[in-house]
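# Survey of secondary and tertiary structure
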Amino acid sequence: MAELDATEIIQTIATAKKRTPVKAMISGRNLRELSVPEGIEAFMEVHTGTLFGNWPVVKAFLNEHQNEITQTHIESNATNSAVPLLDAREVNARIEPGAIIRDQVVIGDHAVVMMGALINIGAEVGADSMIDMGAVLGGRAIVGQHCHIGAGAVLAGVIEPASAQPVRVDDNVLIGANAVVIEGIHVGANAVVGAGAVVTQDVPANSVVAGVPAKVIKVKDAKTKSKTGLQDSLRDL
């Protein structure tokens, strides 16, 4: 997978036009006759309407037409946001309700992102990997193919400083629930990280680590494989 450049991400956030996106539901009289300015997407009937836009623009419009608009309800989920959410409609993956994925995130084919997962800008999720409920992928975290990042696990993010190294998880890795992988750590292919572990050192390929701080407890064997094997059918679309 191609790592997204930290300097470019920082520049994107720093220079982005900050937005407070709102949805405004209005009622009044003769609303279809109102002149809606550029920057507002409007769906108007005679007596009701719905507006989408940046709050300063929408606010100015509402103030200008307060005599015609008799009732207003505003909904907003961000303030001065620099990074929008990912438009995932064309992503060839399964993304469940409640997952929060920011723009400039790469989601591989047949990946699964479960409810409540948080994936920050610059992160990458490989094909056939599952990000379980409530897991957090910090900025620039990289997950390889056919991995499972357990519920509540955290892969620490490093947006700044730009020189810092991200978490890198190679292919076929299982990270247990509520485990924490500190920034800059490399988890080798086919490794297993036990539930609740705090990983502060690189994890060798084909090893099993557990504890706080995590230590190698054994080499992955047939018994471990049988207990940690992933279900490919869950990746079907």
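Up top you'll find the structure we're talking about.
The following refers to the structure shown. The model shown is predicted, which means the values in this text are computed figures rather than measured ones.

Our next topic: the sheet that holds strand 15 (residues 154-155). The sheet built from six strands is open, its strands ordered 6-9-12-15-18-21 with parallel pairing. Of all strands in the sheet, those with a lone pairing partner are strand 6 (100-101) and strand 21 (198-199), marking the two edges.

Inspection of every chain in the model, using the stated rule, returns three salt bridges. With a closest N to O distance of 2.8 Å, Asp-87 and Arg-89 form a salt bridge. On the accessibility criterion, Asp-87 (47% relative accessible area) is partly exposed.

The next point concerns the nonpolar core. If you look at the biggest cluster of nonpolar residues, it comprises 35 residues, and the most contacted ones within it are Ile-107, Ile-119, Leu-137, Ile-149, Leu-155, Ile-175 and Val-187. Ignoring any residue separated from it by four or fewer positions in sequence, one finds Ile-107 in contact with Leu-86, Val-91, Ala-93, Val-113, Ile-119 and Val-125. Core analysis: the second largest hydrophobic core is formed by 12 residues, Val-22, Met-44, Val-58 and Leu-62 among them.

In this section: the packing of aromatic side chains. Under the criterion given, the structure shown has one aromatic pair. An angle of 85 degrees between the planes, with centres 6.1 Å apart, marks the rings of Phe-43 and Phe-52 as edge-to-face.

Okay, the layout of surface pockets next. Roughly 460 Å³ of volume is contained in the largest pocket. Lining of the largest pocket is provided by Lys-17, Arg-19, Pro-21, Asn-77, Ala-78, Ser-81, Ala-82, Val-83, Pro-84, Leu-85, Ile-100 and Arg-102. Across the lining of the largest pocket, the residue classes break down as seven nonpolar, two polar and three charged.

A contiguous nonpolar patch, built from Leu-85, Ile-100 and Leu-118 and spanning about 260 Å² of accessible area, is present on the exposed surface. Take Leu-118: it is sitting in strand 9 (residues 118-119). Exposure remark for Leu-118: the relative accessible area of 36% places this residue in the partly exposed category.

Next up on the list: unusual backbone geometry. Cis peptide bonds are those with omega within 30 degrees of zero, and the linkage from Val-212 to Pro-213 qualifies with -10 degrees. Of note, Pro-213 is situated in the loop between strand 22 (207-210) and strand 23 (215-219). Even without being glycine, His-110 reaches a positive phi, approximately 65 degrees. By the secondary structure assignment, His-110 is in the loop between strand 7 (106-107) and strand 8 (112-113). Given the relative accessible area of 28%, His-110 is considered partly exposed. The phi dihedral of His-146 falls on the positive side, at around 55 degrees, and the residue is not glycine. Note that His-146 resides in the loop between strand 13 (142-143) and strand 14 (148-149). Its relative accessible area of 22% is what places His-146 among the partly exposed residues.

With that settled, the discussion passes to helix 2 (residues 55-64). Inspection of helix 2 places Val-58, Phe-61 and Leu-62 among the buried residues, and these make up the whole buried set. Seen along its axis, helix 2 keeps its buried residues to an arc of 100 degrees; they face one direction. Facing away from the buried side of helix 2 by more than 90 degrees, the exposed set consists of Pro-56 and Glu-64. Buried residues belonging to helix 2 abut strand 1 (21-28), strand 2 (40-44), strand 3 (48-54) and strand 4 (69-76).

Cut-off values and rules
- Residues numbered from 1 in each chain as written.
- Predicted model: local features only at pLDDT ≥ 70, side-chain atom pairs only at ≥ 80, totals over all residues.
- Heavy atoms only, no water.
- Pairing = 2+ DSSP bridges.
- Helix = DSSP H or I, 4+ residues; strand = E, 2+ residues; numbered from the N terminus.
- Salt bridge = Lys/Arg side-chain N within 4 Å of Asp/Glu carboxyl O.
- Buried < 20%, exposed > 50% of the residue type's maximum accessible area, 1.4 Å probe, protein only.
- Core = buried A, V, L, I, M, F, W, Y, C linked by side-chain atoms within 4.5 Å.
- Contact = heavy atoms within 4.5 Å.
- Phe/Tyr/Trp six-rings, centres within 6.5 Å; stacked < 30°, edge-to-face > 60°.
- 1 Å grid on protein atoms, 1.4 Å probe; cavity = no way out; pocket = protein on both sides within 12 Å on 5 of 7 lines; lining within 4 Å.
- Points joined across faces, edges and corners; volume = space filled by probe spheres on them.
- Nonpolar A, V, L, I, M, F, W, Y, C, P; charged D, E, K, R; others polar.
- Patch = residues over 30% accessible without salt bridge, like charges linked within 9 Å, V, L, I, M, F, W, Y side chains within 5 Å.
- Areas by Shrake-Rupley, 256 points an atom, 1.4 Å probe, with all protein chains shown as cover.
- Arc of directions from axis to C-beta.

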